[in-house]
Each structure stands twice: as structure tokens, then as C-alpha cells.
Amino acid sequence: MGYERQADFGTPEVRSDTQVTLEIDGRAVTVPAGTTVMRAAAVSGGSIPKLCATDNLKQFGSCRLCLVEIDGMRGTPASCTTPVTEGMKVHTQTEKLAKLRRGVMELYISDHPLDCLTCSANNDCELQDQAAAVGLRDVRFGYEGANHLEAQTDASNPYFDFDATKCIVCSRCVRACDEVQGTLALTVEGRGFGSQISAGVKSDDFLSSECVSCGACVQACPTSALMEKAVTEIGKPERAVVTTCAYCGVGCTFRAEMRGEQVVRMVPWKDGKANRGHSCVKGRFAWGYAQHQDRVLKPMVRESIDQPWRETSWEEALGFAASRFKAIAAQHGNNALGGIVSSRCTNEEGFLVQKLVRAGFGTNNVDTCARVCHSPTGYGLKTTFGTSAGTQDFDSVEDSDVILVIGANPTDGHPVFGSRMKRRLRQGAKLIVIDPRRTDLVRSPHIQADYHLPLRPGTNVAVLSALAHVIVTEGLIDEAFVRERCDWDEFQHWAEFVGQERNSPEFLEPVTGVPADLIRGAARLFATGGNGAIYYGLGVTEHSQGSSTVMAIANLAMATGNVGRRGVGVNPLRGQNNVQGACDMGSFPHELSGYRHVSDAATRALFEAEWGVRIDPEPGLRIPNMLDAATDGLFKGLYIQGEDILQSDPDTKHVAAGLAAMDCVIVHDLFLNETANYAHVFLPGSSFLEKDGTFTNAERRIQPVRKVMEPLNGYQDWEVTQELARALGLDWNYTHPSQIMDEIARLTPSFAGVNYARLDAEGSLQWPVNDAAPDGSPIMHIEGFVRGKGKFVVTDYVPTDERTGPRFPLLLTTGRILSQYNVGAQTRRTENSVWHPEDLLEIHPTDAENRGIKSGDWVRLASRSGETTLRATVTDRVAPGVVYTTFHHPATQANVVTTDYSDWATNCPEYKVTAVQITPSNGPSEWQQDYAEQTRQARRIAGSAMEPAE
Amino acid sequence: MSGQTEAKLVYMANQIARNLKHEPHPVAAVADHIRAFWSPAMLRQVFAHLAMQGEDGIDPVARAALAELAAGHAPPPQTKATDPAHHGADAG
């Protein structure tokens, strides 16, 4: 499409069962009761001048430009604050109104630079539009009076500037920060003529303030006062393409606003059903990595990993890879090969990789990075509810009365949904946070958790058992729900178990570290507070009892009747953009698409008929098992699309040993990532801006990804996989990813009704989409559980074998920060590193003092697996005995210290519990020094500047 | 073989047994779980290890479950998560 601004109806949509009919400029208009006159005029195709109003903010009534005349009503009311009434007659264009509006505009323009032709917002400026709309021709007051034209521009933020000379103090930015983002970083400082927008306190600029750079203020600004630097540098966009963000599992949709082949800006799409027009600093601004100079655009090969890379043609690289894989299969058998599906790539690309492994390599050795994040969600929710996914859509939170957040930090990890959750909390919903750290959600502006249960890492199951104990023993079960919807015998077995004294909050207090009265209070609130919704993240799954914790959460939801309607449910917050989709596509070694076990003959027959090959009926190897087999000499070749397992998987030394033992590692990625140090073939990847396909977000929402520019490497990732398949002798002939989706739909019952035409028409679809649910399924288990009766599972607390002791007395837990994403391959190559240039170790003041550590000091972080160094920050966000860090920077290699322990059911690593010791340090560890040199060697490219001189 | 992998497989089996001990039929539950999620190569490796090294350090339930599998006795599915016939799950 060409470029035009997104429609703005002035004030928010109102939902009402009552319709009201009025007349605007002689036209009859019918709208829901409660709608404003401004919105009614807009939806009927009219337009009332406005400046302080925009439809994602509550009406404000400040600018006095939207005045109207209404029969029988005195004066000239503001249309943005006047609700419609039955039979109302409104006049939006009269001589009197024109005069008033011109007067208002004269005042604005008398204190505004007249530099429209050189302004970055020229022809894309609401102030300019409204001056034209009211017919402003001159300014009677002149331009010589007191003004703000000497104000300094705040250019501190790396992505946008604040030019106060252009500001009309309409407060849209302040209200966007308050209402949409919920950070309340901005304010109007001063009074009357002296009023000005301020970030934080007077000494702050945007960068030093609490601003989280979500971009809501920039989007809201009607002038160029707040403007993306990229627009200033590149110019006004010429066209816009709606696509889906490639960061977290919220799945925000954006308009990629383009000038030629260049992205000018990414603006949240107001019609996006996941984000509802909001964004975070990553999706909104941190897309520069896609054009970063580090991108490798030519295929490369090398005989062995101690040699420099050699650039080559696609034909040679694919031929080299194919011949090595064929040789491995011939010598060691098909099961010496495997592949890893990326949760960052599209559904179609993931489907092709697992198809290549199963149909081309002839093995089920395929896995995906959900192995290290949400595999316990798949197991736990399938066991209890019957489906491997969350139960709700994001809109559901609007009806929640009690929100329980466990092991998740949505304001950092899933910020756009975090903002929606915070909005509901500001409206009065109650909040329970179960987390070892005092996350921002526990206490932030206008939000205070009713209960924060700061549990000892590794004791999730014990805390959930204690909550269940209170609910069962105090008679707070929703018995009607349980009797109707769940297996009653299994419930009784579970209730008898959790009701035992050994599961009481008091008995478990020494284990969990959580005062019993807090657990009792939280349990009573959750069971009796109305609609109870549970949101969880990797703080639940990445434990030795990750699957048990997911099932304990499901037990709690069923016992309190909180499944099957809006406002309730069990909601896994997915880490990567397409974790849900990658799992749906059959990327696990034991399942074909739609979570159907490979041992099921009927399912295999479907695939065998479509693909013309035999499918192995036995499960394949998981990622950690592939690495184990490699060190044993049994696993020799691995195709890795869009994952960096060396940095993201636990026990880095073991991963390195496994990769180093293979004969052929193919890395297909944007960058020479850490895993590529051990690769023999590098196939350049394409960014999300360069491909067509779909992502599926945490609410099971399948959304289009659209190519906005040609792939810099020449091929979309699905095309590269297809070429690799052809090199191996497979006759694949897809010409567009829509054909791959059609194949997915033919083979996958939950996707039966999905196709590109519907996605284009409807914007998104939430699976299951099939004859039983032709329009998709925003909320699941409404009439009954997918599995039939809901299953209560006894989840006994089994302590992790990772124990503290004299050598390693502290517990390390890991997590994310807002500005960085996962291993940082994308965000470290953007200006986001301004906010988080390195991983830091959070340590409690008591533990720090005992070790003589101050904020900023280098410290040695050592575990039974390894050691690294990083700088410390002393904070009481963590409890005594607990330390915390992020894993965004390869220089830190936080996973050098994490252990081999994993979830009992899925082998999801236990990232969240590692016994460690912290001591002062004065430099990098031996591993870090060795690794830095090894990386330098491994990234040499023959004949390029990266090849060191001999 | 380093022996580390075999030790890890035994550890995994023990861990599964500890977490499924409250199932109505723990041995069948453990055998079912391992059958559903472990590759044949992993099974062969652990069978060979137990045959060679004896059964010290293995949980009795895990040992019984592996013995059933080694004898070719696959139990019926114990949960919907391991039931191959249950793929109405995500079909809606």
C-alpha cells in the first residue's frame, strides 16, 4: 500500500448494547451509547478538527479546537468530551465555529516555528493539517511576543528527539505514557504559558529519565516535537506494509513504513489484535540489526573448524553440505544427523526444516529452542487440559479480577502485554507475584502487588502445593466446576495429597522461605477474588520440576474454576516470537505437526502419503541428547537454522564439546554467531523484513509476516532450506510460503481452516481453526476440556539436586532485561545497548558486604560447571542468598556456569537454579580469555580484512 | 563411550521415577514416559549400561520400568500426553 496515516477516530471505541441515533450535519448516525460526538462524526465519514484528542487515549478536552454547536445546548461544547444522545442534532461546520477555531489556531501558531518546508514532519503533521482545516491565513498577534522558540532540543534518546520549540503542550505524550504504557515518566512542568513537557525531574533528559522508549509518546505527538531520528535523517515514508514483530511472543503487529528499500520506522498497527496499537523499545526501534554491517551475506565453507572461512557460491556451499551429510549417513546411519528448528523463523520455515530432517535425513532427530524454554508447557498443559498451549487471548486480561504472575517479568520480557496488564491493575484488579526478585511489577507507579511471595529459587512446586493446601483445607474449591468439568476421582486423589500437613504453608515455610501468612492470604485472594488469571514464564519452566509446576498451575486454575471464559485461564508468556508456532509445526523429536506422536500409525500415514517417504515411528533425540551422542561419537551432522545454541543452551563447555565432535555443522543465520565458531558451512539467513510467512504468538494467534524489502542475501530462509533439500536429492518445488501453509493445513487438524487469503482478510486467526471452530478459538476449553475431563495431577515437591553448600553458598537465577533480547544477537547490534551494555550481577547488600563487593566491582561468578566474570550491582531487589544476572552478552557467557540439570519430563534446562560463589575479581576468567581468542580465530575469513596478517 | 552419557540416562530415569511416584501405576507410568520420549538409541545405551554395570544407583521403579521395556513390554499410554491416539487434543 502507499503511505497514509492510520485512521484516528479521536476518542476510544465504546462497547454498549444500546445504540444511539443522532444527526451530524444533517446525516443520521447510529453509534453505541457513550460514544463521543467526535467519534460519531469520524465513524460516519466526517471530520472535526482536533489536536489534543487521539483514539487510543481518554478524552481530554484541552485544545478547544473540536468545538461544535448542538441544537438546544448552550455554547460550543467540545465534541471530544460530549457524549451522544438520542435525537441530538450536531453542527460541525458553522461560521461561528470557524472563527473560534481560527482563533485557537492563531494562538498555537504564534508560538510555533514557521519552518514547515524544512520540518521533518512536513506533510505528515496534524498541526499543519488542522491549520489548513480551519483556514488559517494569518496570525493577528504576530510572532514577536513571548515564545518558546529558543528551547533546546533533547537529543539524548538514541531513537527520537524532543524539540520543545515544536511542542504545543497538548499532553498527548504525557497521557500516552500514563494510559498506554503505564510508566508515567512524562509530566507537564510549570503552569500557564510556562508549561512544558518534562521527562522525569527537571535535571533529567529522556535518556536519564524513567522513560522506557516504548515510542507511545512519539506516536501520539501531533507535531514533530517528538520525532524519530530516522524520519529526520531519511525523510517521510512513501509506503507502509503491515507485518509482525520478530522479538518476543506477544506478536505485535507493525506498519513497516518504508522509503524505497529502506525502513524509515516501525509504527504499531492500531488494528493489531495482540498489541492494540502499542509497542516496546525493541519492536518499535531496535530493527537496525537487519541492516547491520555484521550480517554475512555470502555462503561460506571450511574443511575443519580450525581453518578460516572461505566465501563461496550458494551452489558450492549447498553441495558441500549435502555431500558431507550423505557421507555421514552412509558411514554412521541416518540417526547420526539432525536439525534444529528456529523459534525466530516463520511457521513455514520451521515446517520445512522438520520435514527436511524427517523426510530428507530420514530421522526424527529434530528439536527446537522450546526445548530450553517452554517444552514443560507443552507437556504440562497437554497432560492436564489436553492441549499444548495457553488458554486465553490477551484481551482476556481486561476482565481479570485477580492476576497471579509466577516466574515471569512481563514489563521486561513481554512489555506490551505487561502494559495491558498494568492498565487492568490500575483499574483495580488485585495482584499476586511469585518471584524470587522484586520485579518492577511488584511496585511501580499506581501499582502495588497485594502479595509478593519471594520464594527461594527452585521451590515453585512447594509454593503452589501450599497455595492449593489452603484452598482445599479452607473449603475454597469451586466444587461445581470440578464436578462438572474434571475427573472427580483424580481430583479427590489430588485434594487428599495437597491437604496433607506436609503441604501446609507453615510446614513448607523453611523450604520456600515464604512466610505462611503471605501464602494463606494469597490463596484466599486467588480463590475468592473473582476471575483469577495465571500468567507465567520461564521462571516456571526452566527448573528440574518445570513440567510439574505447569501442572500444579493447571491444578490451581481447575480447583478454583478459573478456566474456560474471559478473565481467567492459564497463560504461558512465550519467550520468542514463534515459540508457539515452532512447537505447533512438529519440531519436537517425538511429534509431528499438531502435537501428534510419531508412533501413531494413522498420523504417519498422512505424512507418508503427502511426502512419499517412510516416517520413523520412534522418537528422535532432543538437543541435549544430540550433544551427548556427539561427544560419544554417535552423532555427526547438524543443521541449525536461526539458533545460537552455544550461547543459549546450558553448560557451554559441554555444548562446545558436542559441536566440536561433529563432522559437519551447518549454521544458517544472519550473523556469525557463537555456534558458528564450530560450523563447517555457513548459509546466510534473511531477516523478518525480507520474507513472507507467519508467526504464531502466545495466544495461538497466527499472523502474517510480510516481505517489505528484498533479502540482502538473495534468498528467504525457506528457499535456502528448499535448496538444501534439493541438493540432498529431494524434489521440492514450493514457489511461495502460502503453498507450505496449505500443506500444513492439509496435514494438521488444528490448522485446517488456515490459509493466506483468510489471514490477509482477517488479519490473524487463533488456532484451532477448523470445522469445529471455523473462526478460530480466542479462548479454549469453554464447554469442556479438549482432553475431555480436566486431569488433576499430583505434583509432589522434589528438591533439585543442585544444592548450595560451603563452596557454592548462593543461588544464581537468570532472566532478561527490557532493552535486550535473549542472546542479544539482534539487540546488541542496535542502540539498545545504551541501556544495557553488559550483563551485571545483582547481589543483596548483605552478601555484597560479606564479600567486600561494591556496585561496579568486577566479580568472579563460579559454579560447579564453570566460572565467568562480570560487574556487580548491589541491590535489595534480590533476597539474601540469591544472585541474578542476564544472559544477553557473549562476553559474559552466563551459561558457562549453568548446570546440566533439567526438567524431569522434557529436559528443559534448570537455568533458574545454580549454586554459585561470588568473589572479587580483577579481570576476565581463563575461559573468557581462551574463548575470546578462539572466537577471533574461528571467525577469520580468508582474503578479507578479518583474516589476520601472517 | 565416555560413560557420562550412560550415567546421565540413569539419572534421567531416576528423576522421572521420583516425579511419577504418585501415579496409580508408577512402573507403567515411568516405562510409558520413557517409551514416548526417548530415542531407541538412548534405550539401547541404558540397557547395555545396566547389563554391564549392574543396577547400583538406579531407583527401583526406574529399574523395573526399564526392565519392562528391555523385555519388549511397552505399557499402554498412561496419560494423554503420551497417548498417540489422543490427537484430538489440538484439533479443537
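Keep in mind that this is a model prediction, so the values were computed, not measured.

A look at the sheet that holds strand E29 (residues 693–696) of chain A
Residues and elements named next belong to chain A. An order of E29-E30-E31 is seen for the three strands of this open sheet, with the pairing classed as antiparallel. The open sheet has two edge strands, E29 and strand E31 (765–766), and neither has a second partner. Sheet contacts for helix H9 (residues 347–361): E29 and strand E30 (701–705); angle to E29, the most-contacted strand, approximately 95 degrees.

Quick word on the environment of Met73 of chain A
Residue and element names in this part refer to chain A. Here Met73 lies in the loop between strand E3 (69–70) and strand E4 (89–91). For Met73, a relative accessible area of 37% puts it in the partly exposed group. C-alpha of Met73 to C-alpha of Asn275: the two residues are 202 residues apart in sequence and 39 Å apart in space.

Some remarks on the pattern of salt bridges
Pairing of side chains with opposite charge becomes possible as their charged atoms draw close. Residues and elements named next belong to chain A. Applying the stated rule across the entire model yields 61 salt bridges over all chains. Put simply, Glu838 and Arg871 hold a salt bridge, and the shortest N to O gap is 2.2 Å. With Glu838 in the loop between strand E32 (810–815) and strand E33 (840–843) and Arg871 in strand E35 (residues 867–874), the pair connects residues that are 33 residues apart, well separated along the chain. Taken together, the salt bridges that share partners define one network made up of Arg5, Asp124, Asp129, Glu228, Arg255, Glu257, Arg265 and Arg284.

Quick word on the packing of aromatic side chains
Residue and element names in this part refer to chain A. As enumerated under the stated definition, the model contains 25 aromatic pairs over all chains in all. Ring geometry for Phe162 versus Phe206: centroids 5.8 Å apart, planes at 50 degrees, classification tilted. Remark: Phe206 occurs in the loop between strand E8 (196–199) and helix H5 (216–220) and Phe162 occurs in strand E6 (residues 160–163); sequence separation between them is 44 residues. Of the two residues, Phe162 and Phe206, neither departs from the other in class, the shared state being buried. In this structure, Arg700 is placed above the aromatic ring of Trp767, and the distance from its NZ or CZ to the ring centre is 6.0 Å. Over the ring of Phe671 we find Arg829; its NZ or CZ atom is 3.8 Å from the centre of that ring.

Description of the interface of chain B and chain A
Of the residues lining the interface, 34 residues belong to chain B; the matching set on chain A comes to 52 residues. Linking chain B with chain A are five salt bridges. Here Asp796 of chain A makes a salt bridge to Lys21 of chain B, at a shortest N to O gap of 3.5 Å. One can count 15 residue pairs in polar contact (both at pLDDT 80 or more) joining chain B with chain A. Contributions of two or more residues to the side of chain B that touches chain A are made by helix H1 (4–19), helix H2 (26–37) and helix H3 (40–53) of chain B.

Comments concerning the side chain of Thr384 of chain A
Residues and elements named next belong to chain A. Looking at the element boundaries, Thr384 is found in helix H10 (residues 375–384). The class of Thr384 is buried, set by a relative accessible area of 0%. In this structure the side chain of Thr384 is engaged in a polar contact, spanning 2.8 Å, whose partner is the backbone oxygen of Gly380. Every residue in contact with Thr384, bar those within four places of it in the chain, is listed here: Met551, Ala554, Met558, Arg787, Gly790, Lys791 and Val793.

Concerning the sheet that holds strand E14 (residues 310–311) of chain A
Strand pairing in a sheet is mediated by backbone hydrogen bonds. Such pairs are either parallel or antiparallel. Residues and elements named next belong to chain A. Strand order in the open sheet made by the seven strands is E14-E13-E28-E27-E26-E15-E16, with mixed pairing throughout. Bordering the open sheet on either side are E14 and strand E16 (366–368), each of which pairs with just one other strand. Summarising the sheet, strand E13 (residues 300–301) and strand E28 (residues 681–684) pair through two bridges and their orientation is antiparallel. Residue pairing for E28: Met300 is matched across the bridge by Phe682. Where helix H8 (residues 314–332) meets the sheet, its contacts fall on E13, E14, strand E15 (337–341), strand E26 (637–641), strand E27 (664–669) and E28, and the angle it forms with E28 comes to roughly 135 degrees.

Some remarks on the nonpolar core
Side chains that are nonpolar tend, in soluble globular proteins, to be buried together. Residue and element names in this part refer to chain A. Counting 69 residues, the largest nonpolar core has Phe160, Leu226, Ile403 and Leu431 as its most contacted members. It is helix H12 (residues 415–426) that contributes the most residues to this core, four residues altogether. Leave out the neighbours within four places in its chain, and Ile403 touches Val397, Met421, Arg424, Leu425, Ala429, Lys430, Leu431, Ile432, Ala533 and Tyr535. The next biggest cluster of nonpolar side chains, apart from the first, holds 60 residues, and it includes Ala321, Leu352, Leu730 and Trp767.

Details of the packing of helix H13 (residues 460–473) of chain A against helix H16 (residues 505–512) of chain A
Two quantities define a packed helix pair, namely the angle between the helix axes and the distance between the axes. Residue and element names in this part refer to chain A. Where H13 meets H16, the axes come as close as 10 Å, and the angle between the chain directions of the two elements is 165 degrees. One way to sum up the angle between H13 and H16 is to call them roughly antiparallel. Pair H13 / H16 crosses with left-handed handedness. Contacts between H13 and H16 involve Ala462, Val463, Ala466, His469 and Val470 from the first element and Pro505, Leu508, Val511 and Thr512 from the second. Partitioned by chemical class, the residues of the contact of H13 with H16 number seven nonpolar, two polar and no charged.

Looking at the confidence of the model for chain B
All names here are of chain B. Chain-level pLDDT for chain B is 84 on average; 83% of the residues reach the 70-or-more range. pLDDT under 50 marks residues 87–92. Its contacts with residues more than four places away, or in other chains, come to 25 contacts. Across the whole predicted complex the pTM is 0.95, and at the interface the ipTM reaches 0.92.

A short note on the packing of H10 of chain A against helix H19 (residues 546–559) of chain A
Residue and element names in this part refer to chain A. One way to put it is that H10 packs onto H19 with a least axis distance of 8 Å and a crossing angle of 40 degrees. Relative to H19, H10 is oriented oblique. Considering only the axes of H10 and H19, their crossing is right-handed. Contact residues: Pro376, Thr377, Tyr379, Gly380, Leu381, Thr383 and Thr384 in H10; Gly546, Ser547, Val550, Met551, Ala554 and Met558 in H19.

Rules of the game
Residues numbered from 1 in each chain as written. Chains lettered and ligands numbered in written order. Predicted model: local features only at pLDDT ≥ 70, side-chain atom pairs only at ≥ 80, totals over all residues. Heavy atoms only, no water. Pairing = 2+ DSSP bridges. Helix = DSSP H or I, 4+ residues; strand = E, 2+ residues; numbered from the N terminus. Contact = heavy atoms within 4.5 Å. Axes fitted to C-alpha atoms, helices over the stretch in contact; angles between N-to-C directions. Buried < 20%, exposed > 50% of the residue type's maximum accessible area, 1.4 Å probe, protein only. Salt bridge = Lys/Arg side-chain N within 4 Å of Asp/Glu carboxyl O. Phe/Tyr/Trp six-rings, centres within 6.5 Å; stacked < 30°, edge-to-face > 60°. Lys NZ or Arg CZ within 6 Å of the ring centre and 35° of its normal. Polar contact = N/O pair within 3.5 Å; in protein donor to acceptor, adjacent residues only side chain to side chain. Core = buried A, V, L, I, M, F, W, Y, C linked by side-chain atoms within 4.5 Å. Parallel < 35°, antiparallel > 145°, perpendicular 65-115°, else oblique. Left-handed = near helix turned anticlockwise from the far one by under 90°. Nonpolar A, V, L, I, M, F, W, Y, C, P; charged D, E, K, R; others polar. pLDDT = per-residue confidence, 0-100.

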